[in-house]
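# Observations on the model geometry
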Amino acid sequence: MYPKATISCSCGCMFQATYQGGASDRPPQCPQCKAIMDEKSWKMLWDSMASLIDFNVHILKWNSERNEPRMLVPAVTVSTLEG
């Protein structure tokens with residue numbers, strides 16, 4: 001599993017942060033304006049990506065052990081409504 005989060009910075013830049021590579025100690029930095037995500041926010045995002053991995057691992061396990069449907073979640077998309 002290779003989760004990636006798409007981040008929309010206030011400067012208008014869109015970029016990705018990945019779960020792999022042991023980067024949990026380094027919050028993502030916008031490549032355009034160089035803003036860095038708050039440590040607490042990064043931990044929450046990191047934990048969310050880890051939870052999605054755990055969910056998919058359990059689905060695969062339950063599929064092989066209990067013959068439950070294999071319904072993986074490859075992505076979660078959130079839309080923001082800015083006024």
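It should be noted that the structure appears before, not after, this text.
In this report, we go over the structure that sits alongside the text. (Residues numbered from 1 in each chain as written. Predicted model: local features only at pLDDT ≥ 70, side-chain atom pairs only at ≥ 80, totals over all residues. Heavy atoms only, no water.)

Here we come to unusual backbone geometry. Unusually for a residue other than glycine, lysine 34 sits at a positive phi of about 70 degrees. Within the secondary structure layout, lysine 34 lies in the loop between strand E2 (14-18) and helix H1 (39-66). Even without being a glycine, asparagine 67 presents a positive backbone phi close to 60 degrees. Mapping asparagine 67 onto the fold places it in the segment after H1. Judged by its relative accessible area of 68%, asparagine 67 is exposed. (Helix = DSSP H or I, 4+ residues; strand = E, 2+ residues; numbered from the N terminus. Buried < 20%, exposed > 50% of the residue type's maximum accessible area, 1.4 Å probe, protein only.)

For the rest of this paragraph, the subject is the nonpolar core. Counting residues in hydrophobic clusters, the biggest one holds 13 residues, and the most contacted among them are Phe15, Tyr19 and Met49. At the level of secondary structure, the elements contributing two or more residues to this core comprise strand E1 (4-8), E2 and H1. Among the elements that line this core, the one with the most residues is H1, at 5 residues. Not counting chain neighbours up to four residues away, the residues in contact with tyrosine 19 comprise Pro3, Trp46, Met49, Ala50 and Ile53. (Core = buried A, V, L, I, M, F, W, Y, C linked by side-chain atoms within 4.5 Å. Contact = heavy atoms within 4.5 Å.)

Within the element layout of this structure, cysteine 9 appears in the loop between E1 and E2. Here cysteine 9 falls in the buried class, since its relative accessible area comes to 14%. Sequence separation of cysteine 9 and methionine 37 is 28 residues, and the distance between their C-alpha atoms is 9.3 Å. Beyond its immediate sequence surroundings of up to four residues, cysteine 9 is in contact with Phe15, Cys30, Cys33 and Ala35.

Along any regular strand, the residues point their side chains to alternate faces of the sheet. Side chains of E1 alternate between two faces, with Ala5 and Ile7 buried and Lys4, Thr6 and Ser8 left unburied. Taken together, the 5 bridges between E1 and E2 define a ladder with antiparallel strand orientation. Bridged to serine 8 within E2 is methionine 14. In this antiparallel pair of consecutive strands, E1 and E2, the connection spans 5 residues, and glycine 12 shows a positive phi of 100 degrees. (Pairing = 2+ DSSP bridges.)

Evaluation of the coordinates by the stated rule reveals 0 disulfides. Cysteine 13 takes part in no disulfide bond, and the closest cysteine sulfur to it belongs to cysteine 30, at a distance of 4.0 Å. With no disulfide of its own, cysteine 30 lies closest to cysteine 11 among cysteine sulfurs, the gap being 3.6 Å. (Disulfide = S-S within 2.5 Å.)

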